[in-house]
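Structure at a glance
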Amino acid sequence: MISLKTDEEIELMRVANLMVGATLAEVAKNIKTGVTTRQLDKLAETYILDNKGVPLFKGYNGFPNALCISVNEVVVHGIPSDYQLKDGDIVSVDCGVKINGYCGDSAYTFAVGEVDPKVRKLLQTTKESLYVGIAAAVEGKRIGDISHAIQTYCQSRGFTVVRDLVGHGIGTEMHEEPEVPNFGTKGSGPLLKSGMCIAIEPMINLGKKKVQFDKKDGWTVRAADRRPSAHYEHTIAIRPEGADILSSFELIEKVVGANPCGLPK
Ligand code: MG
Ligand code: MG
């Protein structure tokens, strides 16, 4: 069942999502060569707890950390480790927070130092496709309209769309109905109604679309061809006047700049 949120609930979700954005901005300040992904995770967890939030990912189906940190060919669900970021890496940081009973979920892919122009185009296209998907999230349209918009935008620019992972409804639980694929057919899927809250999260590959799930750690999802992959995510509410973006990249982009998608100085 797809739940529709009241105006009050949507405001509570905005609080959770703005905390996610603020946490990602704290992470952004510390993304540089030599920092370990574990250090980034630790500072995010501390920030969330200091602000009375609950790190939503920690303990979710046994996930060990507050952040999913996915470097280069890792698509999503990377586990923070002693890996030190280096010049030319891209790093997707996905964060979830629960506060006052409601969830926030948002992700941003950062460039570390000088990144290959093709990879930078991947980042830019993936972030733009998120907003293309959001623009299609109109009351009376269907989930497939969002999916189709993202797929068309990315494929026309020469990139591929991961099929095995999708966006999702969100509310008092991080993962609610419906699924929000980044590929699909116009006019298909559940009807978009005012009060629906969904996380839209394109996962886009530079090479082929196939991914592999790490059997050893049970979490890490990699591009099968080991080429770079990007991921951006916003939580939005469907409203009569158009999508209301509940999460925000504003604080992140105060740190890294908006173009081309976050290049730390
Ligand atoms: Mg997420
Ligand atoms: Mg999500």
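The following paragraphs examine the structure supplied in this document.

Reading guide: rules and limits
- Residues numbered from 1 in each chain as written.
- Chains lettered and ligands numbered in written order.
- Predicted model: local features only at pLDDT ≥ 70, side-chain atom pairs only at ≥ 80, totals over all residues.
- Heavy atoms only, no water.
- Helix = DSSP H or I, 4+ residues; strand = E, 2+ residues; numbered from the N terminus.
- Rg over C-alpha atoms; globule rule 2.2 N^0.38 Å.
- Buried < 20%, exposed > 50% of the residue type's maximum accessible area, 1.4 Å probe, protein only.
- Contact = heavy atoms within 4.5 Å.
- Areas by Shrake-Rupley, 256 points an atom, 1.4 Å probe, with all protein chains shown as cover.
- Lys, Arg positive; Asp, Glu negative; His and termini not counted.
- Charge placed at Lys NZ, Arg CZ, Asp CG, Glu CD.
- Disulfide = S-S within 2.5 Å.
- Salt bridge = Lys/Arg side-chain N within 4 Å of Asp/Glu carboxyl O.
- Donors = N, O, S within 2.8 Å, 3.2 Å for Na, K, Ca; no water.
- Pairing = 2+ DSSP bridges.

Brief notes about the overall build of the protein
- Counting secondary structure elements, the protein contains five helices and 15 strands.
- Against the compact-globule benchmark of 18 Å for 265 residues, the protein has a radius of gyration of 17 Å, which places it among compact chains.
- Taking the principal axes of the C-alpha coordinates as reference, the protein spans close to 45 × 45 × 35 Å.
- Across the 265 residues in the protein, those meeting the buried criterion constitute 55%.
- Contacts in the protein between residues at least 24 apart in sequence constitute 71% of all its contacts with a sequence separation of at least 6.
- Summing over all exposed atoms, the protein offers an accessible surface of approximately 10900 Å²; the carbon and sulfur share of this is 53%.
- Between the mean site of the 31 positive side-chain charges and the mean site of the 33 negative ones, the protein shows a separation of 6 Å.

Here we look at the environment of Val256
- When you line up the elements, Val256 lands in helix H5 (residues 250–256).
- Judged by relative accessible area, Val256 falls into the buried class, the value being 2%.
- Along the chain, Val256 and Ile48 lie 208 residues apart, while their C-alpha atoms are 21 Å from each other.

Here we look at the state of the cysteines
- The full count for this structure, using the stated rule, is zero disulfides.
- The closest cysteine sulfur to the non-disulfide-bonded Cys197 is located on Cys103, 11 Å from its own sulfur.
- Residue class for Cys197 comes out buried when judged on its relative accessible area of 2%.

Description of the side chain of Asp244
- Inspection of the secondary structure puts Asp244 in strand S15 (residues 244–245).
- Discounting residues that sit within four places of it in the chain, Asp244 has contacts with Arg14, Thr235, Ile236, Ala237 and Arg239.

A few points about the pattern of salt bridges
- With the rule as written, the count across this model stands at 12 salt bridges.
- The partner of Asp7 in a salt bridge is Arg239, with the nearest N and O atoms 2.8 Å apart. On the criterion of sequence distance, the pair formed by Asp7 in helix H1 (residues 7–29) and Arg239 in the loop between strand S14 (234–237) and S15 is long-range, its members being 232 residues apart.
- The class for Arg239 is buried, based on a relative accessible area of 14%.
- Taking the shortest distance from any N to any O, the salt bridge between Lys127 and Glu253 comes out at 2.5 Å. A residue pair is termed long-range when its members are at least 10 positions apart, and Lys127 in helix H3 (residues 117–135) and Glu253 in helix H5 qualify at 126 residues.
- Several salt bridges share partner residues, and in doing so they unite Glu11, Arg14 and Asp244 into one network.

Some words on the coordination of the magnesium ion (ligand 2)
- At this site the magnesium ion (ligand 2) is bound by Asp105 (OD), His168 (NE2), Glu201 (OE) and Glu233 (OE), with donor distances of 2.1 to 2.2 Å.
- One chain supplies every donor to the magnesium ion (ligand 2), and in sequence these donors are spaced D-x62-H-x32-E-x31-E.

A short note on the coordination of the magnesium ion (ligand 1)
- Donor atoms from the polypeptide that coordinate the magnesium ion (ligand 1) comprise Asp94 (OD), Asp94 (OD), Asp105 (OD) and Glu233 (OE), at 2.0 to 2.6 Å from the metal.
- Mapped onto the polypeptide sequence, the residues donating to the magnesium ion (ligand 1) form the spacing pattern D-x10-D-x127-E.
- A separation of 3.2 Å is found between the magnesium ion (ligand 1) and the magnesium ion (ligand 2), which are bridged by Asp105. Taken together, the positions of Asp94 in strand S4 (residues 90–99) and Asp105 in strand S5 (residues 102–111) put the pair 11 residues apart, joining distant regions of the chain.
- Given the relative accessible area of 2%, Asp105 is considered buried.

Here we look at the sheet that holds S14
- Judged by pairing direction, the sheet is antiparallel, and its five strands sit side by side in the order S8-S7-S9-S14-S15 without closing on themselves. At either end of the open sheet lies a strand with only one pairing partner, and these are strand S8 (176–180) and S15.
- Across three bridges, strand S7 (residues 167–169) lies against S8 in antiparallel orientation. If you follow His168 over to S8, its bridge partner there is Glu179.

Everything listed here is a matter of geometry and, on its own, says nothing about what the molecule does.
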